[in-house]
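This is what each chain is made of:
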Amino acid sequence: QTPQNGRLFKGDNMKPLKGLYAEDAAFEAMTELYEVQAQGAFARAYFTLQGGIKFSKTVLSLMTHVRNLTGNTGFALANGHWNIFRAKRALELALVPLTKGGTKEQREVYLKLQRLGVVGQSTRQNELLDHIKDATERGLPEAYEDSLRKRGERALQAVTGLYGAEDDVWKVYAFYNERARYKRQMPDLSDQELDEKVAEIIRNTYPTYSMVPAAIRWLRKLPLAGTFVSFPWEVFRTATHTARLIRKELSDPQLRPIGVQRAIGALAAASSTYALA
């Protein structure tokens, strides 16, 4: 872009974009995503400390891994995703980035789900990485490089990947459950249209970090806001979207069977705690 119709990237932390121009919308989006705001020494020390605390409470905690793996049960129940026979495929796909393996087809499917915003959207994992990024321009390796060796860093990357995979497995499981229902009720949709429609539903009914507003993400910087503010927001947002989706599906004769399933699931999820007690 030329100076007449664009805005200039100036900061060294925006390399290799420094010195280039972009239209307003692109400039704001790139700046929000990649620009590291200047922090004072106290703020950087605080973010480093908070990042370490959150890291120890999440990816280094065995109990948190158990809760992370089982925590999405409520979202699956609330949306009527009950076909457990799709769990095997979901597990295989979720492990693809963690093991850097899988078949060529599995890798392509995972990349497709990533482009659709279904996987790689763990709220706690991404908020943790953003918090550590506040402490250092280079993220986790620089913040703790003095105390970690290369093998330790690889181990940390592996356990962080495991934390994300525990969330991905539920998103993939939900995607294929939802896709099967919509394919049955809307057979005229093309595969691409079906994938995009189902991916939008998953993003709106399961916690998705990219859907968290910038204002909520900013709250994580406040000491009084507590830890992992994005997840409570996503619980509220997904509950609202699930209720709207149920109403929309029940009012559409073609989608009513899905709406009935989702409504029963939402009722079961809402009452399960009291029922178990």
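Residues numbered from 1 in each chain as written. Predicted model: local features only at pLDDT ≥ 70, side-chain atom pairs only at ≥ 80, totals over all residues. Heavy atoms only, no water.

Let us look at the overall build of the protein chain. Helix and strand content of the protein chain: 14 helices and 2 strands. Residues counted as buried form 39% of the 277 residues belonging to the protein chain. Once local pairs closer than 6 in sequence are excluded, the contacts in the protein chain between residues at least 24 apart make up 65%. Carbon and sulfur atoms form 59% of the exposed surface of the protein chain, whose accessible area is close to 15900 Å². (Helix = DSSP H or I, 4+ residues; strand = E, 2+ residues; numbered from the N terminus. Buried < 20%, exposed > 50% of the residue type's maximum accessible area, 1.4 Å probe, protein only. Contact = heavy atoms within 4.5 Å. Areas by Shrake-Rupley, 256 points an atom, 1.4 Å probe, with all protein chains shown as cover.)

Tracing the backbone shows asparagine 72 in the loop between α3 (62-70) and α4 (73-78). Reaching out from asparagine 72, the side chain makes a polar contact with the side chain of aspartate 167 at a distance of 3.3 Å. With sequence-adjacent residues up to four places away left out, asparagine 72 is seen in contact with Asp167, Trp170, Tyr206 and Pro207. (Polar contact = N/O pair within 3.5 Å; in protein donor to acceptor, adjacent residues only side chain to side chain.)

Relative to the elements of secondary structure, alanine 180 occurs in helix α10 (residues 150-185). A residue is classified by how much of its surface remains accessible, and alanine 180, at 22% relative accessible area, is partly exposed. Remark: the alpha-carbon pair of alanine 180 and leucine 194, spanning 14 residues in sequence, is separated by 9.7 Å.

Inspection of the secondary structure assignment puts alanine 270 in helix α14 (residues 256-276). Separated by 192 residues in the primary sequence, alanine 270 and alanine 78 place their C-alpha atoms 7.8 Å from one another.

This next bit is on a nonpolar patch on the surface. A surface patch of nonpolar side chains, amounting to about 320 Å² of accessible area, comprises Leu62, Met63 and Val66. Turning to its location among the elements, valine 66 is positioned in helix α3. Valine 66 gets classed as partly exposed once you look at its relative accessible area, which sits at 39%. (Patch = residues over 30% accessible without salt bridge, like charges linked within 9 Å, V, L, I, M, F, W, Y side chains within 5 Å. Salt bridge = Lys/Arg side-chain N within 4 Å of Asp/Glu carboxyl O.)

Time to look at the packing of aromatic side chains. One pass over the structure, following the stated rule, counts 4 aromatic pairs. On the numbers, 6.0 Å between centres and 35° between planes, the contact of phenylalanine 75 with tyrosine 206 is tilted. Of the two residues, phenylalanine 75 is situated in helix α4 and tyrosine 206 in the loop between α11 (191-205) and α12 (214-219); the sequence distance between them amounts to 131 residues. For the residue pair phenylalanine 75 and tyrosine 206, the accessibility class agrees, reading buried in each case. Ring plane angle 85° and centroid distance 5.9 Å describe the contact between tryptophan 170 and tyrosine 173, whose orientation is recorded as edge-to-face. Pair noted here: tryptophan 170 and tyrosine 173 are both in helix α10, with a separation of 3 residues, about one helical turn. Residue tryptophan 170 shares its accessibility class with tyrosine 173, and that shared class is buried. (Phe/Tyr/Trp six-rings, centres within 6.5 Å; stacked < 30°, edge-to-face > 60°.)

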